[in-house]
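# Summary of the model geometry
Spelled out from the first residue to the last, the chains are:
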Amino acid sequence: MFRFDGIPGPQAAEIIRHINSGSTVEQISNAVQADRTIVDAFIRSLIDQGLATEAEPEVYTGAQFTATLRSFYDQWNDQLFSHSLWQSLSLGTASRSIVDGWLIETYHFIRGANARLPYAIAHTADPRVRNIFAHHYREEYDHYGFFAEALVRRQISPEHVEQLGPLVGTRAVINWTRRCARTDSLAYAACSGLLESTGTDSARARAFYRTVATNFDADQTNFIDPLMKHIDLDEGFEHGNVMADIFNPIPQLSAQRANMIVQMTYQFVETLMQWFSDIEIHYFRFPHQSKRTVRIYRSNPAD
């Protein structure tokens, strides 16, 4: 049961009845003989509570879509970083093998920029967007070196890590971005923007790494220091702005294409969530020092 304060019940019911008619706020206020500001405030409260949505425009400007993506990124990052992997790293409850696994798979993923960014460049027809991707790639291609240094400080050989190869879940994340690049270069840009969106809040990222160091560097290896340098470099390159640089100049983007881009980016979020679970499960059962040469992927607990 819903009760509305500040507006008579019958009038509220009439406004709700007119919402799906495709009418403007002014048209609804005339139809129900109510003050426009009251109708507008009532409809806004319905939207805020998730009980109504504004009709989608047929086209978006690039700037409008940038703002839309950023609002989604905020929600999706909250979802991603609420995963138990990140919570255990923040709270200090992760095992050493899971911390190592997180570093190992992140190393593979960051190195995967060499599998996804050139692929996106090759599939991009728009020379403006292609040049932005190429510039981004020139700045990004060797950043896995920071994670290689962190592994060495944890006494993990990057050569051993290369021999093992990434988890299939790590490959799935990379492959999803490649699929986006094949489908639509703007879908790739949106996924890349999600990855870089944490770079717009470098203070939060630095605070997280300091917490990881406090929780998991009792030996004072300073394995977090290279990751801090990576944040500094990305911040200097302004990678958090690449998505906006791509979308803002676009004069028009159809609602159909915009919906496809959002849908593919959210599927990327789901793939990332699966990846986090795979890291937790695999490295809990099989530390990187395991003699096992075949990576077990989502195997049965009894195996």
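Residues numbered from 1 in each chain as written. Predicted model: local features only at pLDDT ≥ 70, side-chain atom pairs only at ≥ 80, totals over all residues. Heavy atoms only, no water.

Okay, the overall build of the protein next. For the protein, the helix and strand inventory stands at 16 helices and 2 strands. The 303 residues of the protein split such that 46% are buried. For the protein, contacts bridging at least 24 residues in sequence account for 78% of all contacts bridging at least 6. As displayed, the protein offers around 16,000 Å² of accessible surface, 51% of which is attributable to carbon and sulfur atoms. (Helix = DSSP H or I, 4+ residues; strand = E, 2+ residues; numbered from the N terminus. Buried < 20%, exposed > 50% of the residue type's maximum accessible area, 1.4 Å probe, protein only. Contact = heavy atoms within 4.5 Å. Areas by Shrake-Rupley, 256 points an atom, 1.4 Å probe, with all protein chains shown as cover.)

Attention shifts here to helix α9 (residues 144-153). Among all positions of α9, only Phe 146, Phe 147, Ala 148, Ala 150 and Leu 151 are buried. Directly beyond the C-terminal end of α9, a positive phi value near 60° is found at Gln 155.

A few words now on the packing of helix α8 (residues 127-140) against helix α12 (residues 185-197). At their nearest, the axes of α8 and α12 sit 13 Å apart, and the two run at 35° to each other. As α8 packs across α12, the resulting crossing turns out to be left-handed. Contacts between α8 and α12 involve Phe 133, His 136 and Glu 140 from the first element and Ser 185, Tyr 188, Ala 189, Ser 192 and Glu 196 from the second. Looking at the contact of α8 with α12, its residues break down into 3 nonpolar, 3 polar and 2 charged. (Axes fitted to C-alpha atoms, helices over the stretch in contact; angles between N-to-C directions. Left-handed = near helix turned anticlockwise from the far one by under 90°. Nonpolar A, V, L, I, M, F, W, Y, C, P; charged D, E, K, R; others polar.)

Glancing now at the nonpolar core. Within the largest apolar cluster, 73 residues are counted, with the highest numbers of intra-cluster contacts made by Phe 65, Leu 89, Trp 102, Phe 133, Tyr 209, Ile 246 and Phe 247. No other element matches helix α16 (residues 255-285), which puts 13 residues into this core. What Ile 246 contacts, discounting residues up to four positions off in sequence, is Arg 128, Val 129, Ile 132, Phe 133, Leu 186 and Ala 189. (Core = buried A, V, L, I, M, F, W, Y, C linked by side-chain atoms within 4.5 Å.)

Listed as buried for helix α1 (residues 9-19) are Gln 11, Ala 12, Ile 15 and His 18. Each buried residue of α1 sits inside an arc of 125° when the element is viewed along its axis, so together they form one side. Residues of α1 that are exposed and angled more than 90 degrees away from the buried face: Pro 10 and Arg 17. (Arc of directions from axis to C-beta.)

With that settled, the discussion passes to unusual backbone geometry. Phi at Gln 33 is positive, roughly 55°, even though this residue is not glycine. Here Gln 33 is to be found in the loop between α2 (25-32) and α3 (36-48). Look at Asn 222: it is not a glycine, yet its phi comes out positive at around 60°. Turning to its location among the elements, Asn 222 is positioned in the loop between α13 (202-216) and α14 (225-237).

A complete count under the given rule lists 17 aromatic pairs for this structure. Ring centres of Phe 81 and Trp 86 lie 5.0 Å apart, and the angle between their planes is 80°; on these two criteria the pair is classed as edge-to-face. Classification of Phe 81 by relative accessible area gives partly exposed; the value is 24%. Seen in terms of ring centroids, Trp 102 and Tyr 209 are 6.5 Å apart; in terms of plane orientation they differ by 40°. Their pairing is tilted. You can see Trp 102 sitting in helix α6 (residues 96-111) and its partner Tyr 209 sitting in helix α13, a full 107 residues away along the chain. Each member of the pair, Trp 102 together with Tyr 209, is buried. (Phe/Tyr/Trp six-rings, centres within 6.5 Å; stacked < 30°, edge-to-face > 60°.)

Before going further, it helps to examine the state of the cysteines. Inspection of the entire model under this criterion finds 0 disulfides. Left without a disulfide partner, Cys 180 is nearest to the cysteine sulfur of Cys 191, which lies 3.7 Å away. On the accessibility criterion, Cys 180 (0% relative accessible area) is buried. Of the residues examined, Cys 191 reaches a relative accessible area of 0% and is grouped as buried. (Disulfide = S-S within 2.5 Å.)

Another point: the confidence of the model for the protein. Of all residues in the protein, 89% have pLDDT values of 70 or greater, and the mean over the chain is 88. Of all secondary-structure elements in the protein, the lowest mean pLDDT belongs to α3, at 81, while helix α5 (residues 84-91) reaches the highest, 97. (pLDDT = per-residue confidence, 0-100.)

Our focus in this paragraph is the pattern of salt bridges. Under the counting rule described, the total for this entry stands at 8 salt bridges. For Arg 17, the salt bridge goes to Glu 14, with nearest N and O atoms at 3.0 Å. Within this pair, Arg 17 and its partner Glu 14 are both found in helix α1, separated by 3 residues, close to a single helical turn. Across the pair Glu 149 and Arg 153 runs a salt bridge whose closest N-O atoms are separated by 2.7 Å. With Glu 149 and Arg 153 both in helix α9 and 4 residues apart, this pair spans about one turn of that helix. (Salt bridge = Lys/Arg side-chain N within 4 Å of Asp/Glu carboxyl O.)

Okay, the environment of Thr 177 next. Positionally, Thr 177 belongs in helix α11 (residues 168-183). A relative accessible area of 1% places Thr 177 in the buried class. Placed 14 residues apart in sequence, Thr 177 and Cys 191 show a C-alpha to C-alpha distance of 6.9 Å. When near neighbours in sequence (up to four residues on either side) are disregarded, Thr 177 contacts Arg 116, Tyr 188 and Phe 268.

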